Amino acid sequence: MEMIRLAIAGTGGMANFHAKHFSSIRGVKLVACCDVLKERAAEFATKHDVPQHFASVESMLDSCQVDAVSVATSDGSHAPVSLAAIARGKHVLCEKPLAPTYPEAIKMAEAAQSAGVINMVNFSYRDSAAIQAMAAVTAKGDLGRILHVQGSYLQGWLASAYWGNWRTNSAWLWRLSSSHGSLGVLGDIGVHIVDFTSYPVGGIASVHCLLKTFDKAPDNRVGEYRLDANDTALLTVEFEGGAAGTIATTRWATGHANSVTLAIYGENGALRVDLDKSWSEYERCRIGRDGKHGAWERVVAKPTPNIYKRFVKSIRTGRNDAPDFARGAEVQKVLDACVYSNRRARPVVLSDFQPKTGRRKRLA
Ligand SMILES: NC(=O)c1ccc[n+]([C@@H]2O[C@H](COP(=O)([O-])OP(=O)(O)OC[C@H]3O[C@@H](n4cnc5c(N)ncnc54)[C@H](O)[C@@H]3O)[C@@H](O)[C@H]2O)c1
């Protein structure tokens with residue numbers, strides 16, 4: 001088996017998961033890492049036994065033999081870093097959100113497609129065996145017409161110091177600041193729950209969104225960070241199949257660290273999952289012969305490979321697994337529509353919506 005030489009761009013918190021997972025896969029070698037904070041890259045290299053470290057993706061890729069790049073930089077630099085890798089013919093696994101705006105995201109998807117490189121976006125909750133099994137149930141049509149959907153992703157780190165003090169940690173502060181490339185909670189975890197919900201239910205046809213940014217510091221500023229990115233996003237959506245749904249996400253859900261739930265109600269049955277309880281079990285309710293609904297049954301789903309393994313397999317087989325950059329861009333279009341909807345205080349029909357080109361200075 002030929003060795004896959006992998007490099008990691010961005011060596012903050014999430015990069016540790018990338019390093020841990022990739023280094024546990026046979027036939028993959030971590031050969032380099034980079035971070036604009038070179039000392040951070042150096043520490044990371046020592047911690048994960050990575051032979052070379054650099055201060056930019058360009059210097060890394062121009063100095064090392066690399067087959068694939070895992071992009072774990074902060075959101076605002078996913079596009080330039082991934083495009084630099086794609087331009088050099090490297091396969092790319094990119095963290096979510098693919099980019100802060102749809103125009104950037106679609107540019108990445110098109111570049112990856114024309115370069116013919118494997119491209120995947122880390123919608124990590126797809127690694128749940130439960131959501132894979134639920135998607136298989138809906139794809140078979142076993143729920144009948146799907147009518148009502150509720151997805152939610154709740155975090156509480158603005159209300160409680162469960163994950164440390166956000167006021168003193170750059171990894172939380174950039175997430176609160178649009179000029180640091182963040183689309184707020186919408187771009188950070190809203191992106192996950194939009195994917196998680198629409199993956200088993202189908203595309204989103206229209207969205208009406210309310211975004212809220214609550215006061216949280218004197219003058220809503222901490223040092224260089226202006227705290228203007230949204231904290232709460234509430235979406236009312238209509239799916240292409242006709243179902244109505246709500247998708248809710250916030251960083252102010254006191255008592256929740258990281259809670260992802262989804263319920264799908266169809267005319268012949270229903271499914272629900274709560275990832276706080278299990279990533280591999282979901283519940284199913286069926287309509288009996290008497291027309292009454294039975295008890296909710298627990299279903300244990302078959303294990304599913306995580307995205308790191310699927311990415312490596314895609315490189316080996318040449319068959320690009322999901323979710324790819326095109327899917328990342330599709331979800332990004334929904335997020336752009338949310339921002340537009342919130343500004344105009346009206347629903348947005350996705351097929352009529354053409355997000356403006358170019359990076360926006362202030363996103364929400
Ligand atoms: N898939 C998931 O479930 C999941 C979970 C957590 C974070 N994430 C994503 O992972 C990414 C990193 O998040 P984090 O929590 O590790 O943030 P972090 O702030 O801890 O790390 C980001 C690192 O990227 C570096 N960086 C920024 N621009 C760069 C560039 N152009 N080139 C090289 N390095 C650069 C920063 O210096 C920093 O060290 C984010 O996009 C985040 O949304 C995904």
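Residues numbered from 1 in each chain as written. Predicted model: local features only at pLDDT ≥ 70, side-chain atom pairs only at ≥ 80, totals over all residues. Heavy atoms only, no water.

**Structural notes on a positive patch on the surface**
So, step 1. Together, Arg343, Arg344, Arg346 and Lys356 make up a region of like positive charge exposed at the surface.
So, step 2. Residue position: Arg344 is located in helix H10 (residues 325-344). (Patch = residues over 30% accessible without salt bridge, like charges linked within 9 Å, V, L, I, M, F, W, Y side chains within 5 Å. Areas by Shrake-Rupley, 256 points an atom, 1.4 Å probe, with all protein chains shown as cover. Salt bridge = Lys/Arg side-chain N within 4 Å of Asp/Glu carboxyl O. Lys, Arg positive; Asp, Glu negative; His and termini not counted. Charge placed at Lys NZ, Arg CZ, Asp CG, Glu CD. Helix = DSSP H or I, 4+ residues; strand = E, 2+ residues; numbered from the N terminus.)

**Quick word on the sheet that holds strand S8 (residues 204-212)**
So, step 1. Taken together, nine strands build an open sheet; the order of strands is S16-S15-S14-S13-S7-S12-S11-S8-S17 and the sheet is mixed. Looking at the sheet topology across the chains shown, the edges are occupied by strand S16 (297-300) and strand S17 (348-349).
So, step 2. When strand S14 (residues 269-274) meets strand S15 (residues 281-286), the two strands line up antiparallel, connected through four bridges. Across the sheet, Arg272 pairs through a bridge with Glu283, a residue of S15.
So, step 3. The strands touched by H10 within the sheet are S8, strand S11 (232-239) and S17, with S8 carrying the most contacts at an inclination of about 55°. (Pairing = 2+ DSSP bridges. Contact = heavy atoms within 4.5 Å. Axes fitted to C-alpha atoms, helices over the stretch in contact; angles between N-to-C directions.)

**Regarding the site of the ligand**
So, step 1. Neighbouring residues of the ligand: 24 residues in total, closest Met14, Asp35, Arg40, Asp75 and Ser124.
So, step 2. Here an oxygen atom of the ligand and a side-chain polar atom of Trp174 are 2.7 Å apart.
So, step 3. Summarising the interface, the protein chains cover 86% of the accessible area of the ligand, which totals 850 Å² for the free molecule.
So, step 4. Mapped by element, the contributors of at least two residues to the shell around the ligand are helix H1 (13-23), helix H4 (78-87) and helix H8 (184-201).
So, step 5. Residue classes in the shell around the ligand are distributed as seven nonpolar, ten polar and seven charged.
So, step 6. Formed jointly, the shell around the ligand draws a minimum of three residues from each of two domains, domain 1 (4-124 + 308-322) and domain 2 (128-305 + 333-352). (Near = heavy atom within 4 Å. Polar contact = N/O pair within 3.5 Å; in protein donor to acceptor, adjacent residues only side chain to side chain. Nonpolar A, V, L, I, M, F, W, Y, C, P; charged D, E, K, R; others polar. Domains from an automatic or database assignment.)

**Some remarks on helix H2 (residues 38-48)**
So, step 1. Of all the positions in H2, only Ala41, Phe44, Ala45 and His48 are classed as buried. One side of H2 carries all its buried residues, which in axial view fall inside an arc of 105°. Turned more than 90 degrees away from the buried face of H2 sit Glu39, Glu43, Thr46 and Lys47, all of them exposed.
So, step 2. Its buried side turned inward, H2 meets strand S1 (4-9), H1, strand S2 (28-34) and strand S3 (52-54).
So, step 3. Residue Asp49 follows H2 closely and has a positive phi angle near 60°. (Buried < 20%, exposed > 50% of the residue type's maximum accessible area, 1.4 Å probe, protein only. Arc of directions from axis to C-beta.)

**What about unusual backbone geometry?**
As a rule of thumb, non-glycine residues mostly have phi less than zero, and peptide bonds are mostly trans rather than cis.
So, step 1. Note that the residue after Lys96, namely Pro97, is joined by a cis bond; omega there is -15°.
So, step 2. Going from Ala322 to Pro323, the amide bond is cis rather than trans, its omega being 0°.
So, step 3. With respect to the helices and strands, the residue Pro323 is situated in the loop between helix H9 (307-317) and H10.
So, step 4. Unusually for a residue other than glycine, Asn220 sits at a positive phi of about 45°.
So, step 5. One can find Asn220 in the loop between S8 and strand S9 (221-222).
So, step 6. We note that Ala345 has phi near 55°; this positive angle belongs to a residue other than glycine.
So, step 7. Structurally, Ala345 can be placed in the loop between H10 and S17.

**As for the pairing of strand S7 (residues 146-154)**
So, step 1. As paired strands, S7 and strand S13 (residues 259-266) are joined by eight bridges and run antiparallel to one another. By the bridge assignment, Gly151 is partnered in S13 with Leu262.
So, step 2. Inspection of the sheet shows S7 paired to strand S12 (residues 244-250) by seven bridges, in the parallel sense. By the bridge assignment for S12, Gln150 is matched with Thr246.

**Quick notes on the domain arrangement of the protein chain**
So, step 1. For the protein chain, the domain assignment lists domain 1 (4-124 + 308-322) and domain 2 (128-305 + 333-352).
So, step 2. If you look at the interface, domain 1 gives 15 residues, while domain 2 gives 14 residues.
So, step 3. At the boundary of domain 1 with domain 2, total buried surface from both sides reaches about 1,300 Å², with 58% on carbon and sulfur atoms.
So, step 4. Sorting the residues of domain 1 by area buried against domain 2 places Lys96, Tyr102 and Phe123 first, and these three jointly supply 37% of that buried surface.
So, step 5. Note that Asp188 and Lys96 form a salt bridge whose closest N and O atoms lie 2.9 Å from each other.
So, step 6. Run the count over domain 1 and domain 2 and you get three residue pairs in polar contact (both at pLDDT 80 or more).
So, step 7. Contributions of two or more residues to the side of domain 1 that touches domain 2 are made by helix H5 (102-115) and H9.
So, step 8. Grouping the amino acids of the side of domain 1 that touches domain 2 by side-chain chemistry returns five nonpolar, five polar and five charged. (Buried area = accessible area lost by both parts, 1.4 Å probe.)

**Some details on the packing of aromatic side chains**
So, step 1. For the structure on display, the rule yields nine aromatic pairs.
So, step 2. Ring centres 5.2 Å apart and planes at 85° place the aromatic pair Phe22 and Tyr308 in the edge-to-face group. Taken together, the residues Phe22 in helix H1 and Tyr308 in helix H9 connect sequence positions 286 residues apart.
So, step 3. Look at Phe22 and you get buried, because its relative accessible area is 0%.
So, step 4. By relative accessible area, which is 4% here, Tyr308 ends up buried.
So, step 5. Arranged with centres 5.3 Å apart and planes meeting at 45°, the rings of Tyr125 and Trp279 form a pair that is tilted. (Phe/Tyr/Trp six-rings, centres within 6.5 Å; stacked < 30°, edge-to-face > 60°.)

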